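Architecture at a glance
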Amino acid sequence: MYFDAASQYLRRQMRALQKNIEFIAEQYKGDVPLTHFLKAYFKAHPVLGSRDRKIIADAVYSYYRCALFLDDTLTLWEQVLVSLTLAENGNPHTLKLLPEALQQLQSADTDNKTEALLQMGYLSAGNIKRLEASPSLSDGITASEWHRSLWQKPRVFFSVTKGKEQKVITLLKQAEIVFLEEGNNCFSCNANTAIEKILAPGDYRVQDFSSQNTAAYFALSPGCSVWDCCSGAGGKSLLASDSEPSIRLTVSDIRSSILHNLKERFRLYKKTLPEQLLLSAADAAALETTLGNRTFDQIIADVPCTGSGTWARTPEQFYFFDTAQIRAFSERQKQILNNISRYVKPGGHITYITCSVFRDENESVLASFLENNNRYELLQSGILNGISRKADNMFASLIRRKA
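The rules behind each value
- Residues numbered from 1 in each chain as written.
- Predicted model: local features only at pLDDT ≥ 70, side-chain atom pairs only at ≥ 80, totals over all residues.
- Heavy atoms only, no water.
- Phe/Tyr/Trp six-rings, centres within 6.5 Å; stacked < 30°, edge-to-face > 60°.
- Helix = DSSP H or I, 4+ residues; strand = E, 2+ residues; numbered from the N terminus.
- Buried < 20%, exposed > 50% of the residue type's maximum accessible area, 1.4 Å probe, protein only.
- Lys NZ or Arg CZ within 6 Å of the ring centre and 35° of its normal.
- Pairing = 2+ DSSP bridges.
- Axes fitted to C-alpha atoms, helices over the stretch in contact; angles between N-to-C directions.
- 1 Å grid on protein atoms, 1.4 Å probe; cavity = no way out; pocket = protein on both sides within 12 Å on 5 of 7 lines; lining within 4 Å.
- Points joined across faces, edges and corners; volume = space filled by probe spheres on them.
- Nonpolar A, V, L, I, M, F, W, Y, C, P; charged D, E, K, R; others polar.
- Salt bridge = Lys/Arg side-chain N within 4 Å of Asp/Glu carboxyl O.
- Core = buried A, V, L, I, M, F, W, Y, C linked by side-chain atoms within 4.5 Å.
- Contact = heavy atoms within 4.5 Å.
- Arc of directions from axis to C-beta.
- Polar contact = N/O pair within 3.5 Å; in protein donor to acceptor, adjacent residues only side chain to side chain.

1. Things to note about the packing of aromatic side chains
According to the stated counting rule, one finds 26 aromatic pairs in the structure shown. Between Tyr28 and Tyr64 the ring centres are 5.6 Å apart and the planes differ by 70 degrees, which places this aromatic pair in the edge-to-face class. With Tyr28 in the loop between helix H1 (2-27) and helix H2 (34-44) and Tyr64 in helix H3 (residues 50-66), this pair connects stretches of sequence that are 36 residues apart. This pair shows no difference in class: Tyr28 is buried, exactly as Tyr64 is. Both rings, one in Trp227 and one in Phe296, keep their centres 5.5 Å apart while their planes meet at 35 degrees; by these two values the pair is tilted. Taken together, the residues span a long stretch of sequence, with Trp227 in strand E5 (residues 225-228) and Phe296 in strand E8 (residues 296-302) at a distance of 69 residues. Neither Trp227 nor Phe296 differs from the other in exposure class; each is buried. Taken together, the aromatic side chains of Phe69, Trp146, Trp151, Trp311, Phe318, Phe321 and Phe358 make up a single cluster linked through ring pairs. The ring centre of Tyr269 lies 5.5 Å from the NZ or CZ of Arg205, which sits over that ring.

So, in C-alpha cells, the structure goes:
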C-alpha cells in the first residue's frame, strides 16, 4: 500500500510539472527575456519548490533550444520530451520526466542521438534543411555545427584581476568547483555555477571567451585616445583598459542607466573613470554637435546586432527570430560605421565587432563600408568560433584609415 501511494504521489507530481511546463510554453511569446518571464511566473506560483522551479526551467529552455528542429505533428508535450532528450541536460530530476526509452537515449553522444531521433520520426529532416538553408553564415562556421551548439548550455567564462589568480584558484578548489584554465587569464566553469558566491566581486569579471579574444583586434598604444562608441556596460572598454592601462578613454551609449553601470564597474576594478557621453552613434547630427572636430586613434564599435552568436544562452531569441530583423540591423550597422569613420585620425583604427554569425551583419557590412570609403583598408577580420569550448560566437575586424 505504501508503495502504491508513493507511486500515485509521483504521478501527480509529474502531471503538475507537465501542466506548468505546457502552460509556460503556450503563454510565452518572446516579448520579454525568458529568464524574466520565468521569474515572474515562479513569483506568482510560490507553491513551486526550488527543485520544481529548476525542472520547469530546464524543460522550457530545452524546448526553445530544440523545438524548431522537431517534427511538426508532435504534440506540445511530446516536443518538450524530445527536446529534453536532444538538449544537453544533466539534472537527474528533470530526466525523470522522460519515458525510459528516451532516458537511455539522452546520454548518447549528439550524432547517435540525432540519428536515432530522426529514425524515430521525432526530428524533422525537412525542418533541419530549412533552418540550415537560411540565412547565410560568416566564413568559419557552418549551419550544422552552429545549430547543434544551440542544444548545449554554454559555460561560464571569466577573467581574473591581475595579481588575484592564485587566490581565485585556491577558492575555487576549496569550494570543489570544477574549472578550466582557458589561457590568457581566462577561466571557465559549468553552466549555472554560482561563482559569485565564492569569489570577491573585484577579483574576477564574467566575460565570454570569444568576447575576451576580441582584444586581438584592438590597435592600442600607450596614451592613445580611444572611443568605445556603443559601450553598453563597458565589457570592451574594460578589456581595452586591461590591454593598455594608459589609454585616454571616451565611452558613449544611448542609455544613461547602462553608463551608470559602466562607471560602477570601473570603480569596482579600480580603473580611471572614462569620459562618458549620452549619445547615439547612429545619429550623425548628434555626433557632430557633441564631438565637433575631435578625432581618435582607436574607435571600438561593438554594434547592435541580432545576437545570434549568443543564442545558446538565450534560445528563446532563436525560436522567435524573424529573419527580416537582419536587414534592419545591417542597415543600422552600416550607418554607425559610416558615421564614426569621420572621427578617426589618419593612421588610426576602427575595431568592428558583432556577436552575430550572419554574413549580412559581418562581412557584408564591411564590404559595403570599404567600397564607399576608399580612405580605409581592412587589416584582419574573422569569426571567433567558440563552439568547441561551449562559448559564444563573435565576429571582429580591424580596419585602418590610411595616413
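2. Side note on the sheet that holds strand E2 (residues 179-183)
Sheets are built from strands paired through backbone hydrogen bonds, the pairs being either parallel or antiparallel. Strand order in this open sheet of four strands is E2-E3-E1-E4, and the pairing throughout is antiparallel. At either margin of the open sheet sits one strand with a lone partner, and together these are E2 and strand E4 (204-206). Going across the sheet, the axis of each strand differs from the next one's by a mean of 30 degrees, ignoring polarity. Pairing geometry for E2 and strand E3 (residues 186-189), over four bridges, is antiparallel. Within E3, the position partnered with Phe179 by the bridge is Cys189.

3. Points about the pairing of strand E1 (residues 156-160)
The side chains of a regular strand alternate between both faces of the sheet. Of all five residues making up E1, five are buried, and the element is well covered by its neighbours. Alternating residues of E1 divide into Val156, Phe158 and Val160 and Phe157 and Ser159, and every residue in both groups is buried. Summarising the sheet, E1 and E3 pair through four bridges and their orientation is antiparallel. Of the residues in E3, the one forming a bridge with Ser159 is Cys186. Sheet analysis places E1 next to E4, joined by three bridges and oriented antiparallel. Residue pairing in the sheet places Phe158 in a bridge with Val206 of E4.

4. Structural notes on the layout of surface pockets
Space inside the second largest pocket adds up to approximately 510 Å³. Around the second largest pocket sit 21 residues that line it, and Ser159, Val160, Asn185, Arg205 and Asp242 are the ones nearest its centre. Breaking the lining of the second largest pocket down by element, the ones donating at least two residues are E1, E4, helix H11 (209-212) and helix H12 (235-243). Top element by residues in the lining of the second largest pocket is H12. It accounts for three residues. In the lining of the second largest pocket, the residues fall into eight nonpolar, nine polar and four charged.

5. A closer look at the pattern of salt bridges
Under the criterion given, the structure shown has 19 salt bridges. Across the pair Arg267 and Glu264 runs a salt bridge whose closest N-O atoms are separated by 3.0 Å. Within this pair, Arg267 and its partner Glu264 are both found in helix H13 (residues 256-268), separated by three residues, close to a single helical turn. For Arg267, a relative accessible area of 45% translates into the label partly exposed. With its nearest N and O atoms 3.6 Å apart, the salt bridge here joins Asp297 to Lys345. Of this pair, Asp297 sits in strand E8 while Lys345 sits in strand E9 (residues 344-354), placing them 48 residues apart in sequence. Classification of Asp297 as partly exposed rests on a relative accessible area of 23%. Each of Lys54, Asp58 and Lys153 takes part in a single network of salt bridges with overlapping partners.

6. Some points on the nonpolar core
Within soluble globular proteins, side chains that are nonpolar tend to cluster in buried spots. The biggest cluster of nonpolar side chains holds 54 residues, and the ones touching the most others in it are Ile21, Ile56, Leu97, Trp146 and Phe358. Listed by contribution, the elements that provide at least two residues to this core are H1, H2, H3, helix H4 (76-86), helix H6 (100-106), helix H7 (110-119), helix H8 (125-133) and helix H9 (143-149). Looking at which element gives the most residues to this core, the answer is H3, with nine residues. Dropping the residues within four chain positions of it, Trp146 is found in contact with Leu137, Ile141, Ser308, Trp311, Val357, Phe358, Ile387 and Asn393. Within the second largest apolar cluster, 27 residues are counted, among which are Trp227, Val303, Ile336 and Val344.

7. As for H2
Along H2, the positions that sit buried rather than exposed are Leu34, Leu38, Tyr41 and Phe42. Taken around the axis of H2, the buried residues stretch over an arc of 95 degrees, which confines them to a single face. In H2, the exposed positions angled more than 90 degrees off the buried face are occupied by Lys39, Lys43 and Ala44.

8. A closer look at empty space enclosed by the protein
Under the counting rule described, the total for this entry stands at one cavity of 30 Å³ or more. Approximately 100 Å³ is the volume found for the largest cavity. Class assignment of the residues belonging to the lining of the largest cavity gives a composition of seven nonpolar, four polar and three charged.

9. Concerning the side chain of Thr354
Following the sequence through the fold, Thr354 ends up in strand E9. At 2.7 Å, the side chain of Thr354 forms a polar contact with the side chain of Asn362. Discounting chain neighbours no more than four positions away, the residues touching Thr354 are Asp302, Val303, Cys305, Glu361, Asn362, Met394 and Phe395.

10. As for H4
Counting buried positions over the eleven residues of H4 gives nine, a clear majority of the element. Of the residues making up H4, those classed as buried are Trp77, Gln79, Val80, Leu81, Val82, Ser83, Leu84, Thr85 and Leu86.

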